[in-house]
Amino acid sequence: MSATSILDTARAKVLERGEGLTEAEILEVLNIGDDHLTELLELAHEVRIKHCGVEVSLEGIISLKTGGCPEDCHFCSQSGLFESPVRAVTLNIEELVEGARQSAKMGAAEFCIVAAVKGPTERLLDQVKDAIEAINAEVDISISASLGILSRDQARQLREMGVSRYNHNFETARSFFPNVVTTHTWDERKNTLEYVRAEGMEVCCGGIIGLGETLQQRAEFAAQLAEVEPHEVPMNFLDPRPGTPFADRPLVPQGEALRAVAAFRLAMPTAQLRFAGGTELALGDDGTEKGLLGGANAIIGGNYLTTAGRPIEADREAVDRVTSLGIPAVYDTIKAL
């Protein structure tokens, strides 16, 4: 199928009818050449505006427990199995409250509490409960969590604590997953998402682009995400971390990264597509705004869990600039970036 044909298909199917592309169609989008990239980004932005609205969501994120994780996710510097510079640290309640306060100050509507664990112990759940109570007492912000693999009962406990959304990423396509993680399975992650939805929390599930997957597997990944109908999809781009098995993997080129953003939007027209770790590396200085004008509609503001992002003030300014543009101005901005 030619670039013009797949764009026409996407315009009719996704923009007009609100139906996501199939895996085969997603692969066609991922293979679109640079000469049609601007047209692709424009279409993805139109889909976002029509099916999600103009608002761009800003979220703060903090790690309650950093490092020392027993899992072997090959991209992650928090694994205790690798010789990584990241060391185990646990934050206190006051630090979590301050993190939520600063996020709300910059306009974030959501604050995510993360722990580097395979799954939460009862002690960790008690700490999360205390943290949520302390944050709610002082900050008006929605709280989400990412604590690894859950049982159904643990999902229920988190919902009762007031967690509105739970993040548990697939990370990559099911067929490529064993090349990335060996200490647990893709199906264990999927089970957790089923428990989360069954207990009434919103599902947040995404992953990392550039782990070594083929474009076919990237299309598979997008299609598998679409099947679980996540409310939010974090889009990370590999930031090769020293000491991890993926330390020498190459960065994703900007054009390839932007095609992935647009393809994921066309696969999931109503999802909240959130830029996360590695965005600045893959998209460059102008790429974050270009991506927000090419399908994404959410961003993690400030630093990530173990890597630095842009200052949260810069993210706030980018969000404000993007939301102030009308469709004609968007096209001019994409072409100029």
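Procedures and definitions
Position numbers for residues start from 1 in each chain and track the written sequence from start to end. In view of the model being predicted, local features appear only for residues whose pLDDT reaches at least 70, and side-chain atom pairs are presented and counted only at 80 or more, with totals across whole chains, interfaces and linings using the full set of residues. For side-chain calculations, the full set of non-hydrogen atoms in the structure is used, while hydrogens and water are omitted. UniProt positions are given in the numbering used here, feature names are shortened, and annotations may be inferred rather than shown by experiment. Each helix corresponds to a stretch of at least 4 residues labelled H or I by DSSP, and each strand to a stretch of at least 2 residues labelled E; elements are numbered beginning at the N terminus. Relative accessibility decides the category of a residue: with a 1.4 Å probe and only protein chains considered, values under 20% of the type maximum give buried, values over 50% give exposed, and everything between is partly exposed. Every residue pair with non-hydrogen atoms within 4.5 Å of one another is taken to be in contact. Only the protein chains shown count as cover for residues, and all accessible areas are computed by the Shrake-Rupley method using a 1.4 Å probe. Two cysteine sulfur atoms make up a disulfide if the distance between them is within 2.5 Å. Two strands pair if DSSP finds at least two bridges between them. Crossover handedness is defined here as right-handed if the route from the first strand over the helix to the second strand goes clockwise, with the strands pointing away from the viewer. To form a nonpolar core, buried Ala, Val, Leu, Ile, Met, Phe, Trp, Tyr and Cys residues must be joined to one another through side-chain atoms within 4.5 Å. Axes here refer to lines fitted to C-alpha atoms; in helices the fit is confined to the stretch in contact. Angles between the N-to-C directions go from 0 to 180 degrees. Angle categories: roughly parallel below 35 degrees, roughly antiparallel above 145, roughly perpendicular from 65 to 115, and oblique for all the rest. Left-handed describes a crossing whose near helix is turned anticlockwise from the far helix through less than a right angle; right-handed describes the clockwise counterpart. All residues other than Ala, Val, Leu, Ile, Met, Phe, Trp, Tyr, Cys, Pro, Asp, Glu, Lys and Arg, Gly among them, are scored as polar; the first ten of these are nonpolar and the last four charged.

In the nomenclature of an unreviewed UniProt entry, the chain is known as Biotin synthase of Corynebacterium lipophiloflavum. Quoted verbatim from the Pathway (unreviewed entry) field of the UniProt record, the comment on the chain reads "Cofactor biosynthesis; biotin biosynthesis; biotin from 7,8-diaminononanoate: step 2/2." According to its UniProt record, the chain has this under Function (unreviewed entry): "Catalyzes the conversion of dethiobiotin (DTB) to biotin by the insertion of a sulfur atom into dethiobiotin via a radical-based mechanism."

Participant: Can you help me understand the overall build of the chain in this one?
Facilitator: Assigned secondary structure in the chain consists of 13 helices and 10 strands. Looking at the 337 residues of the chain, the share that counts as buried comes to 56%. In the chain, the proportion of contacts linking residues at least 24 apart, taken out of those at least 6 apart, comes to 77%. Summing over all exposed atoms, the chain offers an accessible surface of approximately 13,300 Å²; the carbon and sulfur share of this is 49%.

Participant: Is there a simple way to explain the state of the cysteines in this structure?
Facilitator: Any covalent bond linking the sulfur atoms of two cysteines counts as a disulfide. Applying the stated rule across the entire model yields zero disulfides. With no disulfide of its own, Cys69 lies 6.4 Å from the sulfur of Cys73, the closest cysteine sulfur. With no disulfide of its own, Cys76 lies closest to Cys73 among cysteine sulfurs, the gap being 6.1 Å. Cys76 gets classed as partly exposed once you look at its relative accessible area, which sits at 21%.

Participant: Can you walk me through the pairing of strand 8 (residues 232-237) in this structure?
Facilitator: Burial analysis of strand 8 places six of its six residues in the buried class, which makes it a mostly covered element. The side-chain alternation of strand 8 yields two buried faces, one formed by Glu232, Pro234 and Asn236 and the other by Val233, Met235 and Phe237. The sheet contact formed by strand 7 (residues 207-209) and strand 8 spans three bridges and is parallel. Of the residues in strand 8, the one forming a bridge with Gly207 is Met235. Handedness of the crossover joining strand 7 and strand 8 through helix 8 (residues 215-228): right-handed. By the bridge criterion, four bridges tie strand 8 to strand 9 (residues 272-275) in an arrangement that is parallel. Within strand 9, the residue paired with Glu232 across the bridge is Gln272. Note on the crossover from strand 8 through helix 9 (residues 254-267) to strand 9: the handedness is right-handed.

Participant: How should I be thinking about the nonpolar core in this particular structure?
Facilitator: Buried together is how nonpolar side chains tend to be arranged in soluble globular proteins. Core analysis: the largest hydrophobic core is formed by 95 residues, its most contacted members being Ile26, Ile135, Leu158, Phe264 and Leu266. The dominant element in this core, judged by the number of residues it contributes, is helix 9, at nine residues. Apart from the residues within four sequence positions on either side, Ile26 is in contact with Leu21, Ala219, Ala222, Ala223, Ala263 and Ala267.

Participant: Even after reading the chapter, I still don't get the packing of helix 5 (residues 122-138) against helix 6 (residues 152-161), so can you show me in this structure?
Facilitator: Closest axis-to-axis distance for the helix 5/helix 6 pair is 10 Å, and the angle between their directions is 15°. The pairing of helix 5 with helix 6 is recorded here as roughly parallel in orientation. When you trace helix 5 past helix 6, the crossing you get is right-handed. Taking contact as the criterion, the partners of Glu122, Leu125, Val128, Lys129 and Ile132 in helix 5 are, on helix 6, Gln154, Gln157, Leu158 and Met161. The class makeup of the residues in the contact of helix 5 with helix 6 is five nonpolar, two polar and two charged.

Participant: Would you mind showing me how to read the UniProt feature "binding site: [4Fe-4S] cluster" (unreviewed entry) in the chain here?
Facilitator: Listed under "binding site: [4Fe-4S] cluster" (unreviewed entry) in the UniProt record, and renumbered for this structure, are Cys69, Cys73 and Cys76. By the secondary structure assignment, Cys73 is in the loop between strand 1 (57-66) and strand 2 (89-90).

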